[in-house]
Number of protein chains: 2
Amino acid sequence: MSELTPVEVTDLRPIRDIVHEKLRTAIMRGELPSGERLFDTQLAKQLGVSRTPVREALRMLEQEALIVVTPRRGTIVYRLKQEDAIEIYNIRSVLEGLALRLAAQNITHQEIVQLREKLEKMRPLPENLAGYMAVHVEFNSIIIGASRSPRIEQLVASFASQLRNLRGISLTTPERQLLAWKEHCAIADAIESRDAELAEMLARRHVERAKEAYLMQRA
Amino acid sequence: MSELTPVEVTDLRPIRDIVHEKLRTAIMRGELPSGERLFDTQLAKQLGVSRTPVREALRMLEQEALIVVTPRRGTIVYRLKQEDAIEIYNIRSVLEGLALRLAAQNITHQEIVQLREKLEKMRPLPENLAGYMAVHVEFNSIIIGASRSPRIEQLVASFASQLRNLRGISLTTPERQLLAWKEHCAIADAIESRDAELAEMLARRHVERAKEAYLMQRA
DNA sequence: ATGTGATATACTGTTTGCAGTAATTTCCGA
DNA sequence: TCGGAAATTACTGCAAACAGTATATCACAT
């Protein structure tokens, strides 16, 4: 009787959540480009639902700063400016630093093994950008998850995704990509040796480099 | 359920925003205690509006993690656990560190003068907790504002407010209060001398101390 | 008394409709 | 042809009604 876990009442998710997710990914993929005006009535028609769940989804997106709502005027997809990108990189830098400091303390041996596997997978993909990015995402989520801090996880995911639809993501040159890989190796080493301070420092520097690479491209 | 006064339709802000703010402050003040169930129909009646704006407000609060919504089940005010508090302190630590690093770079001379004024105001309030806290909030908002980073500002405000309704906020003992004051002086000095690294370090240590003081109280 | 099933109630999720305001178009005069 | 006022359109904000499901109540059997 003691160890019965509650059932997952996923049932059918409310329409508002489905709409929220749909719009969210559409925005991040750039299918709804920056500056695009959104009409709840139009979205409702397109999605085949009524306006209410659409409006509730818009409230969520508004809270995530993915859209900007001007009362009685309308709603547009937020247009990320360079200063926004800098801000986000700054925040990611310290948050991922924190995440890695905690991860170095909390990561399990098994997770370290997984980490090494991902690293090996990434090594032979010097040119295959898409493949590299996919593994990279897995690598990151293992580490961030090892921080055992859902709030950090959520924040990092949120901010990282906001940059996703930014044109010109860092890993353009092979040199940069190799450098990034080496940085990841160093981070894995630091975590494995439980050096929290070093892991934090490396993570911060890593994001800082990504920021600079981004700024280079549009200088 | 406590006393929620009906909304005044100012015509300027949408009702949903008024409701959002009302609920938000009610939660933070503890008037809507942790674990309290919220019924949109009931809230709508109390506030004298329809369910629609209430529900939109709930979606915003949900996104802020102030409430927890279980679809088809109901809504409760999120009950902050100790691990949540630790998480929030950790995040505040690095975010305020970042804020102060930026502030040291961007603060104006005039803002430094204001900072000094606030510090002087805080000095003669060794026992007047309420007064001290009020000035303290102003002091902080000047510094955080000087980071010139709206996202950081919003995040810090959000996380700080989540801790507000936590029982036993740090400054209980006079010694702790004096220590905090000295820490603030050191921070102001660091900012004034434009030492970004030092300011960041001090800010992080400051929040770290607050965390430890909080943990002490419930040990 | 206790557990089980049926009924009733209450709340959430969604749709629909109505009011008000901003935007757009149309039409008129210069 | 252009500017501006009036009319029209279209969208947002809010309310209320409707549908379905979870919860509570109660009757009844054991």
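Here the structure is a predicted model, which is why all the values come from computation and not from measurement. (Residues numbered from 1 in each chain as written. Chains lettered and ligands numbered in written order. Predicted model: local features only at pLDDT ≥ 70, side-chain atom pairs only at ≥ 80, totals over all residues. Heavy atoms only, no water.)

K.L.:
What is the right way to look at the protein's contact with DNA strand D in this model?
P.N.:
The environment of DNA strand D is formed by 19 residues, the closest being Asp40 of chain A together with Ile15, Ser50, Thr52 and Arg73 of chain B. When the atoms of DNA strand D within 4 Å of the protein are sorted by group, sugar and phosphate make up 71%. Note that a phosphate oxygen of DNA strand D is positioned 2.3 Å from one of the side-chain N or O atoms of Asp40 of chain A. Within the backbone of Ile15 of chain B, an N or O atom sits 2.4 Å from a phosphate oxygen of DNA strand D. Those elements that provide at least two residues to the surface near DNA strand D are helix H2 (40-47) and helix H3 (51-63) of chain A together with helix H1 (15-29) and helix H3 (51-63) of chain B. (Near = heavy atom within 4 Å. Polar contact = N/O pair within 3.5 Å; in protein donor to acceptor, adjacent residues only side chain to side chain. Helix = DSSP H or I, 4+ residues; strand = E, 2+ residues; numbered from the N terminus.)

K.L.:
What should I look at first to understand the protein's contact with DNA strand C in this one?
P.N.:
Around DNA strand C, a shell composed of 18 residues is seen, among which Ile15, Ser50 and Thr52 of chain A together with Asp40 and Arg51 of chain B lie nearest. Sugar and phosphate atoms form 65% of the subset of DNA strand C atoms that lie within 4 Å of the protein. Arg72 of chain B places a main-chain nitrogen or oxygen 3.3 Å from a phosphate oxygen of DNA strand C. Where the surface near DNA strand C is concerned, the elements lending two or more residues are helix H1 (15-29) and H3 of chain A together with helix H2 (40-47) and H3 of chain B. Looking at the surface near DNA strand C element by element, the count peaks at three residues for H3 of chain A. Of the residues contributing to the surface near DNA strand C, the split by class is seven nonpolar, three polar and eight charged. (Nonpolar A, V, L, I, M, F, W, Y, C, P; charged D, E, K, R; others polar.)

K.L.:
Looking at this structure, how should I read the sheet that holds strand S1 (residues 37-38) of chain B?
P.N.:
Think of a sheet as strands paired side by side through backbone hydrogen bonds, with each pair either parallel or antiparallel. Residue and element names in this part refer to chain B. Spatially, S1-S3-S2 is the arrangement adopted by the three strands of the open sheet, whose pairing is antiparallel. Two strands bound the open sheet, and with one partner strand each, they are S1 and strand S2 (67-70). Pairing analysis gives four bridges linking S2 to strand S3 (residues 74-77), with the strands arranged antiparallel. Looking at the pairing, Val68 lines up with Ile76 of S3. Along the sheet face, H3 touches S1 and S2 and points at about 110 degrees away from the line of S2. (Pairing = 2+ DSSP bridges. Contact = heavy atoms within 4.5 Å. Axes fitted to C-alpha atoms, helices over the stretch in contact; angles between N-to-C directions.)

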